[in-house]
Amino acid sequence: MSFTHKSLLDQSLGHIATTIAGATAVFHQNKLDFCCGGEHSLRQALAKKELDTAPILSALRLLQQQDGEITDWRSKPVKQLIEHILQRFHQRHRQQLPELCRLARRVEHVHETDPNCPTGLAQHLDDMYQELESHMIKEEQILFPMLAGGIYPVGPISVMEEEHLQHGDALETLDKLTNNITLPADACNTWTALYLGLQELKEDLMQHILLENQILFVQPAVNQRADSQMCCGSCQ
Ligand SMILES: [Fe+2]
Ligand SMILES: [Fe+2]
């Protein structure tokens, strides 16, 4: 067993939930109480529930590693960048958002009377999830296969760029609802995990959009834009 796994086992559930974004989903799936029972170590909690440690440690380690190292994507093949975007961002958003909606619903319910309660956040995250899902499906089914084939269609690219602006507006609303994702002094573990996850979602979405706008959607200089031979693009 590695040192990292040992140290994770000895950390409290509350500490893990508030330092590894997405850990609450792993705990929730395994019915591990990180809020009221958050002072117990992961080792104690797993022993009490008689759960196998290996899959839970692997899931937590994967979350820790998902940030990965910095790569110069301009020098990589388009298909490799698409694969990276699908794995690192599309798949990750599909993991993040349902869990964030669940946590937001819980915080809004339990802390309804708290003046700092982010009222309306769960609904906003639901809306963001729907918008993002529809956007990602269009990229996956229409645009990305064209880009992988060396075709850079002006119309679909500008529609996706326009939707990226709407995602930026949604992040601004998220900031307004959460006082710029600032926790109140006495926040519980669930609230802390929620805001940690929101910060991660925000950074991921911004990085995702940046990679698409600045690199993926820009035609490599060596290729002829396939549709430019038929249309200058100004009419689209
Ligand atoms: Fe995307
Ligand atoms: Fe996109």
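Because the structure is a prediction, the values reported are computed rather than measured.

## What to know about the overall build of the protein
Of the regular secondary structure elements, the protein holds 9 helices and 0 strands. When its helices and strands are written in sequence order, the protein yields α-α-α-α-α-α-α-α-α. Taken over 236 residues, the protein has a buried fraction of 42%. Accessible surface, the protein as shown: approximately 12700 Å² in total, 53% of it carbon and sulfur.

## Focus: the environment of Ile 151
Looking at the secondary structure, you find Ile 151 in the loop between helix 7 (121-148) and helix 8 (154-177). Linking Ile 151 and Gln 219, residues 68 residues apart in sequence, is a C-alpha distance of 8.5 Å.

## Quick notes on the coordination of the iron ion (ligand 1)
Coordination angles at a metal have ideal targets, namely 109.5 degrees for four tetrahedral donors and 90 or 180 degrees for six octahedral donors. Every protein donor of the iron ion (ligand 1) is accounted for by His 90 (NE2), Glu 139 (OE), His 208 (NE2) and Glu 212 (OE), and the metal-donor separations fall at 1.9 to 2.2 Å. Considering all 4 donor atoms around the iron ion (ligand 1), angles at the metal cover 88 to 165° and the coordination shape is irregular. When the donor residues of the iron ion (ligand 1) are listed from N- to C-terminus, their spacing reads H-x48-E-x68-H-x3-E. Separation of the iron ion (ligand 1) from the iron ion (ligand 2) amounts to 3.2 Å, with Glu 139 serving as a shared donor to the pair. Placement of Glu 139 in helix 7 and of Glu 212 in helix 9 (residues 189-216) is noted, with a sequence separation of 73 residues between them.

## Observations concerning the packing of aromatic side chains
Summed over all chains, the structure comprises 2 aromatic pairs. Each ring, one from Phe 27 and one from Phe 34, has its centre 6.2 Å from the other, and the planes form 35°; the classification is tilted. When its relative accessible area of 7% is taken as the criterion, Phe 34 is described as buried. Taken together, a centroid distance of 6.3 Å and an interplanar angle of 85° make the contact between Trp 191 and Tyr 195 edge-to-face. Of the two residues, Trp 191 and Tyr 195 both sit in helix 9, 4 residues apart, roughly one turn of that helix. Residue classification places Tyr 195 among the buried positions, given a relative accessible area of 4%.

## Concerning the coordination of the iron ion (ligand 2)
Around the iron ion (ligand 2), the protein supplies His 135 (NE2), Glu 139 (OE), His 164 (NE2) and Glu 212 (OE) as donor atoms, at distances of 2.0 to 2.1 Å. The coordination sphere of the iron ion (ligand 2) comprises 4 donor atoms, whose angles at the metal cover 86 to 171°; the geometry is irregular. Read from N- to C-terminus, the donor residues coordinating the iron ion (ligand 2) fall into the pattern H-x3-E-x24-H-x47-E.

## Some remarks on the layout of surface pockets
Taken as a whole, the second largest pocket holds about 290 Å³ of empty space. Tallying contributions element by element places helix 6 (residues 78-110) first for the lining of the second largest pocket, with 6 residues. Classifying every residue of the lining of the second largest pocket by side-chain character gives 10 nonpolar, 7 polar and 3 charged. Mapping the lining of the second largest pocket onto the domain boundaries places at least three of its residues in each of domain 1 (3-65) and domain 2 (73-229).

## Thoughts on helix 8
Counted at 1.5 Å a residue, the expected span for helix 8 with its 24 residues is 34 Å, and the 35 Å between its end C-alpha atoms agrees. Buried within helix 8 are the following residues: Gly 155, Ile 157, Met 160, Glu 163, His 164, His 167, Ala 170, Leu 171, Leu 174 and Asp 175. Elements that come into contact with the buried residues of helix 8 comprise helix 7 and helix 9. Looking one or two residues beyond helix 8, the residue adopting positive phi is Asn 179, at roughly 50°.

## Things to note about the confidence of the model for the protein
Regions with low pLDDT should not have their predicted coordinates read in detail. Looking at the protein as a whole, its pLDDT mean stands at 87, while 89% of the residues score no less than 70. Element-level mean pLDDT values for the protein span from 72 in helix 1 (residues 3-10) up to 98 in helix 7. A low-confidence stretch, residues 222-236 stays under pLDDT 50, and its non-local contacts, those more than four residues away or across chains, total 19 contacts.

## Thoughts on the side chain of Asp 204
Within the fold, Asp 204 resides in helix 9. Engagement of the side chain of Asp 204 in a polar contact is seen with the side chain of Arg 88, the distance being 3.0 Å. Contact partners of Asp 204, with chain neighbours within four places excluded, come to Arg 88, Phe 89, Arg 92, His 93 and Gln 96.

About the cut-offs
Residues numbered from 1 in each chain as written. Chains lettered and ligands numbered in written order. Predicted model: local features only at pLDDT ≥ 70, side-chain atom pairs only at ≥ 80, totals over all residues. Heavy atoms only, no water. Helix = DSSP H or I, 4+ residues; strand = E, 2+ residues; numbered from the N terminus. Buried < 20%, exposed > 50% of the residue type's maximum accessible area, 1.4 Å probe, protein only. Areas by Shrake-Rupley, 256 points an atom, 1.4 Å probe, with all protein chains shown as cover. Donors = N, O, S within 2.8 Å, 3.2 Å for Na, K, Ca; no water. Tetrahedral: all angles 85-135°; square planar, octahedral: opposite > 155°, others 65-115°. Phe/Tyr/Trp six-rings, centres within 6.5 Å; stacked < 30°, edge-to-face > 60°. 1 Å grid on protein atoms, 1.4 Å probe; cavity = no way out; pocket = protein on both sides within 12 Å on 5 of 7 lines; lining within 4 Å. Points joined across faces, edges and corners; volume = space filled by probe spheres on them. Nonpolar A, V, L, I, M, F, W, Y, C, P; charged D, E, K, R; others polar. Domains from an automatic or database assignment. Expected span 1.5 Å × (residues − 1). Contact = heavy atoms within 4.5 Å. pLDDT = per-residue confidence, 0-100. Polar contact = N/O pair within 3.5 Å; in protein donor to acceptor, adjacent residues only side chain to side chain.

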